[in-house]
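One letter stands for each residue in the lines below.
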Amino acid sequence: MARPHVCLLTLAALLLLGLATRSRSRYPSGQEHQRASRIPSQFSQGERIAMKEALKGAIQIPTVSFGPGEFNTTALAEFGKYIRKAFPAVFKTTFVQHEVVGEYSHLFTVQGSDPGLQPYMLLAHIDVVPASDQGWEVPPFSGLERDGFIHGRGTLDNKNSVMAILQALELLLVRKYIPRRSFFIALGHDEEVSGANGAQKIAALLQARGTQVAFIVDEGGFILDNFIPNFKKPFAMVSVSEKGSINLMLQVNMTPGHSSAPPKETSIGILAAAVSRLEQTPVPNMSGNGPLKNLLQQLANEFSFPINIMLNNLWLFWPLVSRLIEGNYIMTALARTTTAITIFNAGVKENVIPSVAQATVNFRIHPAQTVQEVLELVKNIVADDRVQFHVLSAFEPLPVSPSDDQALGYQLLRQTLQSVFPEINIVAPGTCIANTDSRHYVNLTTGIYRFNPVYLQPQDFRSIHGFNEKISVQAYENQVKFIFEFIQNADTELERAPHQHEL
């Protein structure tokens, strides 16, 4: 997922000792809805060795996205061949259809036995961000196993999900499993650079076929551990929304000249003052709107005194709660549209006053705002007619997906969490502060959920798009187990569609 890839969701609520409600679902828990022939998620020693070796091999293929339209196409082609070899049952099973989309992305259609059940979709992405050996304990594309961990770029973002989904399906198929509910697996090859050639084309293809799905599960949430000071209990966070984005170029044009006789103001000085104003004047706090405030109200009775009183009376205490939320940079990211100056270009020679200065600013848009609203705020903050604004790219925040008792996808995630991770009894909805491929699929469903069933600690978060990314062998096995059980849990007879769905 694009940086800060991990989508830490609504941690602001947890600044206040956050405990998520244990919602009661109308979907049956335990074994009530499961078939008598349910396959247990127990893997042999040989299967466990094979699954970790398959992930290590995937990490060794440097499927790097360098920029829009700039990929390691040799590696992407190699990866396509690799998964055919690693998962033979997936490619040979008659009710599993495989298509290559946009040259390097992969779409699998798994035909279920009951066409009355609306299908769902699992997403992941093959590509990774660049990584050099410098700063890493081991080479980033080594796939080295050391001290119970598999090291390398993509172990958390997001080849672990690619391989775990296919591995879980492979293990089910060799056990003669036939799903009742159909589902899709969509593996994009350019998520790190917008997904225009991968996920966007897959979504367009499915939409042209008239496909609608019950829900989608993508990357974007984790089981968070030790993220809150003095709060040691891990909790699962499922993103039900995702921020929008604007990449905005600010440009100042001035007459060039010799540095020995400089004008009162230069293009660099004017632009530097403009970006400084943007940093010093944040976009207004929007935490009173959208998922965050609703979550706080939902959690109110789970807190101890006096926090429970504050959250049950937000009409009175909201100004204080809002200030508390902004005590941490991650909390701030959840509370408002963020401003990050990421590129500054000016000057050609030390004794030449440049004619042009340019800066690129990335805004991550809070779900309560729009692209146009943020652009107007930015222009008012800069308040300088000499500064030109050029929108390089932009898209709106994603809608908030349901997380109530009737939200099938959310409740299936919660149920599977309780089975695979019985120590986790806190599951909460949140907002993804990064961007994922899921935004390209909004026309296929109203239920998009972003969650990776992997424990994440602060140092792991920093490794994503950073140095020393790694996943424990046990964590990866649990991820495979989670998907193995999730696919079977999705074979519920509830939420029947009013008509058959053609795949």
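Residues numbered from 1 in each chain as written. Predicted model: local features only at pLDDT ≥ 70, side-chain atom pairs only at ≥ 80, totals over all residues. Heavy atoms only, no water.

Novice: So what exactly am I meant to see when it comes to the overall build of the chain here?
Specialist: The secondary structure content of the chain amounts to 15 helices and 21 strands. For the chain, long-range pairs separated by at least 24 residues make up 83% of all intrachain contacts whose partners lie at least 6 apart in sequence. (Helix = DSSP H or I, 4+ residues; strand = E, 2+ residues; numbered from the N terminus. Contact = heavy atoms within 4.5 Å.)

Novice: Explain empty space enclosed by the protein here, please?
Specialist: Summary: where empty space remains is shown by rolling a probe the size of a single water molecule over the atoms. Counting across every chain of the model gives five cavities of 30 Å³ or more. Space inside the largest cavity adds up to approximately 140 Å³. Lining the largest cavity are 15 residues, and of these Leu122, Ile165, Val217, Phe451 and Ile483 sit closest to its centre. Mapped by element, the contributors of at least two residues to the lining of the largest cavity are β5 (120-125), α5 (159-174), β9 (216-218) and α15 (473-489). Here the element with the most residues in the lining of the largest cavity is α15; it accounts for four residues. (1 Å grid on protein atoms, 1.4 Å probe; cavity = no way out; pocket = protein on both sides within 12 Å on 5 of 7 lines; lining within 4 Å. Points joined across faces, edges and corners; volume = space filled by probe spheres on them.)

Novice: Explanation requested: the environment of His98 in the structure shown.
Specialist: Counting through the fold element by element, His98 comes out in strand β3 (residues 96-101). In the structure, His98 is positioned 87 residues away from Ile185 in sequence and 9.4 Å away in space, judged by C-alpha atoms. Once residues lying within four places of it in the same chain are set aside, the contact partners of His98 are Arg84, Phe91, His106, Leu107 and Phe108. Polar side-chain contacts of His98 include one of 3.4 Å to the side chain of Arg84. Within polar-contact distance, the side chain of His98 engages the side chain of His106 at 2.8 Å. (Polar contact = N/O pair within 3.5 Å; in protein donor to acceptor, adjacent residues only side chain to side chain.)

Novice: I keep staring at the environment of Arg175 and nothing clicks. Help me out?
Specialist: Looking at the element boundaries, Arg175 is found in the loop between α5 and β8 (183-188). For the pair Arg175 and Ile39, spaced 136 residues apart in sequence, the C-alpha to C-alpha distance is 7.9 Å. Non-local contacts of Arg175, meaning those with residues more than four positions away in its chain, are made with Ile39, Gln42, Phe43, Glu47 and Phe484.

Novice: Can you walk me through unusual backbone geometry in this structure?
Specialist: Negative phi is the rule for most residues except glycine; trans is the rule for most peptide bonds. Cis geometry is adopted by the peptide bond preceding Asn158, which originates at Asp157 and carries an omega value of 5°. At Ser194, a position not held by glycine, the phi torsion is positive, near 100°. Its place among the elements puts Ser194 in the loop between β8 and α6 (199-208). Of note in the backbone geometry, Ala383 takes a positive phi value of approximately 50° without being a glycine. With respect to the helices, strands and loops of the structure, Ala383 is situated in the loop between α12 (371-382) and β17 (388-395). The exposure class assigned to Ala383 is exposed, which follows from its relative accessible area of 60%. (Buried < 20%, exposed > 50% of the residue type's maximum accessible area, 1.4 Å probe, protein only.)

Novice: Honestly, the sheet that holds strand β7 (residues 149-151) in this entry has me stumped. Any pointers?
Specialist: Paired through their backbone hydrogen bonds, the strands of a sheet run either parallel or antiparallel. With antiparallel pairing, the three strands of this open sheet are ordered in space as β6-β7-β21. Every other strand in the sheet has two partners, leaving β6 (145-146) and β21 (470-472) as the edge strands with one partner each. Here three bridges tie β7 to β21, and the two strands are oriented antiparallel to one another. If you follow Phe149 over to β21, its bridge partner there is Ser472. Sheet contacts for helix α2 (residues 45-59): β6, β7 and β21; angle to β7, the most-contacted strand, approximately 20°. Sitting on the sheet, α15 is in contact with β6, β7 and β21, with an inclination near 75° to β21. (Pairing = 2+ DSSP bridges. Axes fitted to C-alpha atoms, helices over the stretch in contact; angles between N-to-C directions.)

Novice: Explain the environment of Glu265 here, please?
Specialist: Locating Glu265 in the fold gives a position in the loop between β13 (257-258) and α7 (267-280). For Glu265, a relative accessible area of 39% gives the class partly exposed. Distance in space between the C-alpha atoms of Glu265 and Met254 is 9.2 Å, their sequence separation being 11 residues. Other than its neighbours up to four places away in sequence, Glu265 contacts Met254, Ile270 and Arg386.

Novice: So what exactly am I meant to see when it comes to the side chain of Asp157 here?
Specialist: Along the polypeptide, Asp157 turns up in the loop between β7 and α5. Lacking a salt bridge, the buried Asp157 has Arg153 as its closest oppositely charged neighbour, with an N-O distance of 7.1 Å. There is a polar contact of 3.0 Å between the side chain of Asp157 and the side chain of His125. (Lys, Arg positive; Asp, Glu negative; His and termini not counted. Salt bridge = Lys/Arg side-chain N within 4 Å of Asp/Glu carboxyl O.)

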